[in-house]
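Listed here are the chains, written in short residue letters.
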Amino acid sequence: MSDSKISITVVVPVKNEETNLGKCLSRLSRFSEVIVVDSSSTDRTPAIANEYGANIVNFNWDGKYPKKRNWLLLNVPLRNEWVLFLDADEFVDAAFCDAVDRATQDPSQCGFWLNYDNFFLGRRLRFGVPQRKLALFRVGKALYEQIDEDHWSGLDMEVHEHPIIDGPVGEIAARIEHNDDRGIIKFVDRHRDYAVWEANRIVRLRSSGVALNKMTHRQRLKYGNLSKWWYPWAYFVITYFLKFGFLDGSAGFQYAFYKTWYFQTIRLLISEQKGT
């Protein structure tokens, strides 16, 4: 590898992502190592990963801890000190690459929050509740939350689990494009699966007596209130009115509507499990 390569390992967890993967990988040529962690895709995903020279690792989940990202961190040797997790529908640009290259030179930092430009129905959402994730950190300084699912989940990858960072965490302002253009059915299917997972997790959190104070502020707000009748509607008011989502036009309204549906679905699934 050339000395000009950025010393960060980029990991892209996938399953049947032939629509987005090529565009994602085409933006990663400046990084010294790119790993695609595949869950036995049946489409052209492995072939596309090969075309772009990514290392391919296959993951078969047994229904228990660890899931895909933690499994990779625990079992696959990485070339670099830093790891960046990207989804196949997340696309970086030169400004982001420059920013992470500079930021990871700071010896005092162990992780970074990343900011995203979210797209919905083909339009960039400039308003509403912003999307951010803690997806860049030093290898050996973080693992995603350990949740013993024991076969109650159908999701083989950490989606809402939060990385626990052992050290200071900064933020990178340069943004990542999050743009899955596979259509509304894919969006609904994905969020249905997420809703089932979230409802199961909340029920188990309450039955196990896990303290919310060990979670992030956003997690405490969500898991402390998601089952309450007002939470979905409060989200709609906040994202559409207080965060000016209405300025995104029809796409802004539809996104706020579907996210409200998502939170309402979680609440009803919790009620079903409680028998109320």
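Residues numbered from 1 in each chain as written. Predicted model: local features only at pLDDT ≥ 70, side-chain atom pairs only at ≥ 80, totals over all residues. Heavy atoms only, no water.

Draft legend 1. Representation of the pattern of salt bridges in the model. Under the counting rule described, the total for this entry stands at 19 salt bridges. Here arginine 69 ties to aspartate 87 by a salt bridge, and the two come within 2.9 Å at their closest N and O atoms. You can see arginine 69 sitting in helix H3 (residues 68-75) and its partner aspartate 87 sitting in the loop between strand S4 (82-85) and strand S5 (90-91), a full 18 residues away along the chain. Each member of the pair arginine 69 and aspartate 87 is classed as buried. Several salt bridges share partner residues, and in doing so they unite Glu17, Asp180, Arg182 and Arg190 into one network. (Salt bridge = Lys/Arg side-chain N within 4 Å of Asp/Glu carboxyl O. Helix = DSSP H or I, 4+ residues; strand = E, 2+ residues; numbered from the N terminus. Buried < 20%, exposed > 50% of the residue type's maximum accessible area, 1.4 Å probe, protein only.)

Draft legend 2. The arrangement of the packing of helix H5 (residues 184-208) against helix H6 (residues 217-225) in detail. Packing of H5 against H6 brings their axes to within 10 Å, and their N-to-C directions diverge by 85°. As judged from the angle between their axes, H5 and H6 are roughly perpendicular. On H6, the residues that touch Trp197, Glu198, Arg201, Ile202, Leu205 and Arg206 of H5 are Gln219, Lys222 and Tyr223. By residue class, the composition of the contact of H5 with H6 is four nonpolar, one polar and four charged. (Axes fitted to C-alpha atoms, helices over the stretch in contact; angles between N-to-C directions. Parallel < 35°, antiparallel > 145°, perpendicular 65-115°, else oblique. Contact = heavy atoms within 4.5 Å. Nonpolar A, V, L, I, M, F, W, Y, C, P; charged D, E, K, R; others polar.)

Draft legend 3. Highlighting a nonpolar patch on the surface. Side chains of Phe127, Val237, Ile238, Phe241, Leu242, Phe244, Phe246 and Leu247 sit close together on the surface and give an oily, nonpolar patch of about 720 Å² of accessible area. Structurally, isoleucine 238 is set in helix H7 (residues 231-242). (Patch = residues over 30% accessible without salt bridge, like charges linked within 9 Å, V, L, I, M, F, W, Y side chains within 5 Å. Areas by Shrake-Rupley, 256 points an atom, 1.4 Å probe, with all protein chains shown as cover.)

Draft legend 4. Structural detail: the environment of serine 29. Mapped onto the fold, serine 29 is located in the loop between helix H1 (21-26) and strand S2 (31-38). A sequence separation of 127 residues divides serine 29 from aspartate 156, and the C-alpha atoms of the two residues are 27 Å apart.

Draft legend 5. Fine view of helix H4 (residues 94-103). Of all the positions in H4, only Phe96, Cys97, Ala99, Val100 and Ala103 are classed as buried. Down the axis of H4, the buried set is contained in an arc of 165°. They therefore lie on one face. Contacts made by the buried residues of H4 are with strand S1 (6-14), S2, S4, strand S6 (111-120), strand S8 (131-138) and strand S11 (169-178). At the N-terminal end of H4, a side-chain oxygen is found 3.3 Å from the backbone nitrogen of alanine 95, two or three residues along, and the residue is aspartate 93. (Arc of directions from axis to C-beta. Polar contact = N/O pair within 3.5 Å; in protein donor to acceptor, adjacent residues only side chain to side chain.)

Draft legend 6. Fine view of H5. In this model, H5 (25 residues) spans 36 Å end to end at C-alpha, consistent with the 36 Å of a helix rising 1.5 Å per residue. Looking at the packing, one finds that the buried side of H5 touches S6, H6 and helix H8 (249-274). (Expected span 1.5 Å × (residues − 1).)

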